[in-house]
Amino acid sequence: MVKAHGNCRLFCPAVFESFGYFFVRLGGTMPVKLIAHVLLTVADSHLIIQRSQIKRGKPNVFPQYWDIPGGRVEENELPRDAAVRECFEETGISLAKENLTIIHEDSQFDDEKEAVFTRLVYEVKLPEQPKTILLDPEEHTDFLWITSRDENKKNLVPYLDEILEKRRKNGF
């Protein structure tokens, strides 16, 4: 299967949950880095976590913005497994990967890092809000439960704002 995007093409050898993707562009190839996130949903509310200013001694991407648990898929790891792992590392919440449903995908070129970053967002529906949220202060400083209809959605990372806006329009 070949996916075209502008002057680039993505050669996908099998299903999306495997490695080996490369964008072919003039002058060479560009590896694809996978990022997996999970939207934790209880009834009509979603857990969001605030990104820290500094992460591991370096300026964080989108500092002080609100995001959902997630991060880079490690080598030889499937995106669903990464979403479960990142959720536990960032919130202390354990999930079963079988309960994850994919709800969003987007990709961006990063010429500085010479890579394409593809984000996969899964959703899991929980019966109730977990009693404890354990944040890693190196990565996140606060958490909130919000609804898609919340007017108080300031400083959401762009992809999350897009997801919640679609849900608001579609009545989720």
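See the structure above.
These figures come from a predicted structure and were not determined experimentally.

Below, the discussion takes up the environment of Val73. Position of Val73 relative to the elements: it lies in the loop between strand S9 (70-72) and helix H1 (79-91). Note: C-alpha distance between Val73 and Glu86 (13 residues apart in sequence) is 9.1 Å.

A separate point is the packing of aromatic side chains. Scanning the model with the defined rule gives one aromatic pair in all. Seen from their ring centres, Phe62 and Tyr65 are 5.1 Å apart, and the 65° between their planes marks the pair as edge-to-face. Here Tyr65 falls in the partly exposed class, since its relative accessible area comes to 28%. A cation over an aromatic ring shows up here: Arg119 above the ring of Tyr159, its NZ or CZ 4.0 Å from the ring centre.

Take unusual backbone geometry next. Notably, Arg56 is not glycine yet its phi reads approximately 55°, a positive angle. Relative to the helices and strands, Arg56 resides in the loop between strand S6 (54-55) and strand S7 (58-59). A residue is classified by how much of its surface remains accessible, and Arg56, at 48% relative accessible area, is partly exposed. The phi dihedral of Glu114 falls on the positive side, at around 50°, and the residue is not glycine. Take Glu114: it is sitting in the loop between strand S10 (101-110) and strand S11 (115-125).

Conventions we followed
- Throughout this description, residue numbers start from 1 for each chain and increase along the sequence as written.
- With pLDDT at 70 or above as the cut-off, local features in this predicted model cover only qualifying residues; side-chain atom pairs require 80 or more to be listed or tallied, and sums for whole chains, interfaces and linings still use all residues.
- As a rule here, side-chain values cover all heavy atoms of the structure and leave hydrogens and water aside.
- Labels follow the DSSP assignment, with helices taken as runs of H or I lasting at least four residues and strands as runs of E lasting at least two, numbered in each case from the N terminus.
- Aromatic contacts are taken between Phe, Tyr and Trp rings whose centres are within 6.5 Å, Trp giving its six-membered ring; a plane angle under 30 degrees counts as stacked, one over 60 as edge-to-face, and the others as tilted.
- Residue burial is assigned from relative accessible area. The probe radius is 1.4 Å, only protein chains are included, and a residue is buried under 20% of its type maximum, exposed over 50%, and partly exposed in between.
- Only when the NZ of Lys or the CZ of Arg is both within 6 Å of the ring centre and within 35 degrees of the ring normal is a charge said to sit over the ring.

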